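# Descriptive structure summary
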Amino acid sequence: MKKDDVLMVTIRCVAYNHECYIRQCLEGFVTQKTNFRFEAIVHDDASTDKTASIIREYAQKYPEIIKPIFEKENQYSKKDGSLRKIMDSHTHGKYVALCEGDDYWTDSLKLQKQVDFLEAHPDYSMCFHNAVIMYLGIKKAPVLFNNLECSRQIHLNEIVDHWIIPTASILYRKDILPMPTWATKIYSGDQTLALMAYAKGKIWGFEDVMSVYRQNFVGSSATARANKMGETYVVDQHLLLYNYYNEETNYKYSNIISNRINYLKKQRLYLSNRYKHGKIYSFLMQPIFVSKKIVNRINKIKM
């Protein structure tokens with residue numbers, strides 16, 4: 001492919017202290033087989049380990065793909081949207097793919113499959129695929145992220161009631177950007193993105209398992225943040241998100257969203273009286289039932 005070919009995909013990868021995982025993540029990018037040009041914006045957010053040096057290694061070896069950004073000051077901790085603005089300014093592809101530095105892709109045709117679908121279906125604004133959840137810090141067998149048994153259109157209730165979209169599986173049209181200003185107040189950027197994509201088009205879910213999501217129970221930033229902010233932090237964040245979304249869409253989906261808000265209000269009261277720190281995730285992401293069929297699917301994935 002030539003340098004002046006149309007840039008079809010920008011991969012957005014944010015890394016912080018992912019020394020143990022970033023190499024596998026970057027391998028997933030550079031081994032993609034496509035008939036179009038793509039790039040990976042790999043943002044090191046002032047890591048204190050060897051993450052940055054590994055990124056430099058890949059940038060030197062694959063300069064046409066790996067486009068690094070190295071920070072001297074951590075941007076995520078500012079909580080002012082700085083990180084999102086930086087990534088937005090470097091996103092130039094027609095489509096945008098996501099993969100955080102501790103996750104990785106397992107299918108070299110992932111991008112080709114997803115781009116082919118969105119090119120053929122202009123009424124869809126986003127697509128995603130299934131993934132394997134690999135648990136770190138505890139002895140637990142891998143499971144599938146969701147129970148999709150066939151590729152199909154995804155509906156709003158599946159975004160708000162049962163989160164089934166692995167972050168590293170997302171591919172969306174760039175014209176969804178930029179996110180509304182209120183998005184900086186929401187910790188769940190991937191769910192905010194999915195909701196905005198749904199407001200602008202349809203969403204397709206592939207049954208194909210094409211990535212691995214690492215669930216880290218040792219030093220998990222999401223869990224740590226929830227613990228620090230209080231038992232109802234995640235619930236409060238979702239309530240905030242859905243209220244903003246209702247306003248953003250002029251209450252177009254008020255029936256589904258309002259039902260979820262009422263449910264979360266009940267959960268908030270229950271959690272504030274019942275759960276200890278960290279337990280709040282139990283009703284937001286339900287564990288996937290591990291049948292023999294699912295085990296066989298997982299075993300076929302090269303991880």
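Worth saying up front: this structure is predicted, and the values here are computed from it rather than measured.

The next subject is the environment of Val42. If you trace the backbone, Val42 turns up in strand β2 (residues 37-44). As for Val42 and Ile22, which are separated by 20 residues in sequence, their C-alpha atoms are 10.0 Å apart. Setting aside residues up to four positions removed in sequence, Val42 forms contacts with Cys13, Leu26, Phe29, Ile55, Ile66, Lys67, Pro68 and Ile69.

Here the focus is the nonpolar core. With 43 residues, the main nonpolar core has Ile165 and Tyr172 as its most contacted residues. Breaking this core down by element, the ones donating at least two residues are β4 (95-98), β6 (124-136), α5 (156-160), α6 (189-200), α8 (233-248) and α9 (254-274). Those residues in contact with Ile165 that sit more than four places away from it in its chain are Met126, Phe128, Phe145, Ile159, Ile170 and Ala194. Membership of the second largest hydrophobic core comes to 34 residues, among which are Ala15, Ala40, Tyr95 and Ala168.

To continue, consider the confidence of the model for the protein chain. Confidence in the prediction of the protein chain, expressed as mean pLDDT, is 87, and 83% of residues score 70 or more. A low-confidence stretch, residues 219-228 stays under pLDDT 50, and its non-local contacts, those more than four residues away or across chains, total 12 contacts. Confidence drops under pLDDT 50 across residues 276-290; counting only partners more than four residues distant or on other chains, this segment forms 39 contacts.

Our focus in this paragraph is the packing of α6 against α8. Where α6 contacts α8, the two axes come as close as 11 Å, and the packing angle between them is 20 degrees. Taken together, the axes of α6 and α8 lie roughly parallel to each other. The handedness of the crossing between α6 and α8 is right-handed. Residues Gln191, Thr192, Leu195, Met196, Tyr198 and Ala199 of α6 touch α8, and the partners they reach there are His238, Leu241, Tyr242, Tyr245 and Glu248. A breakdown of the residues in the contact of α6 with α8 according to their chemical character gives seven nonpolar, three polar and one charged.

Parameters and conventions
Residues numbered from 1 in each chain as written. Predicted model: local features only at pLDDT ≥ 70, side-chain atom pairs only at ≥ 80, totals over all residues. Heavy atoms only, no water. Helix = DSSP H or I, 4+ residues; strand = E, 2+ residues; numbered from the N terminus. Contact = heavy atoms within 4.5 Å. Core = buried A, V, L, I, M, F, W, Y, C linked by side-chain atoms within 4.5 Å. Buried < 20%, exposed > 50% of the residue type's maximum accessible area, 1.4 Å probe, protein only. pLDDT = per-residue confidence, 0-100. Axes fitted to C-alpha atoms, helices over the stretch in contact; angles between N-to-C directions. Parallel < 35°, antiparallel > 145°, perpendicular 65-115°, else oblique. Left-handed = near helix turned anticlockwise from the far one by under 90°. Nonpolar A, V, L, I, M, F, W, Y, C, P; charged D, E, K, R; others polar.

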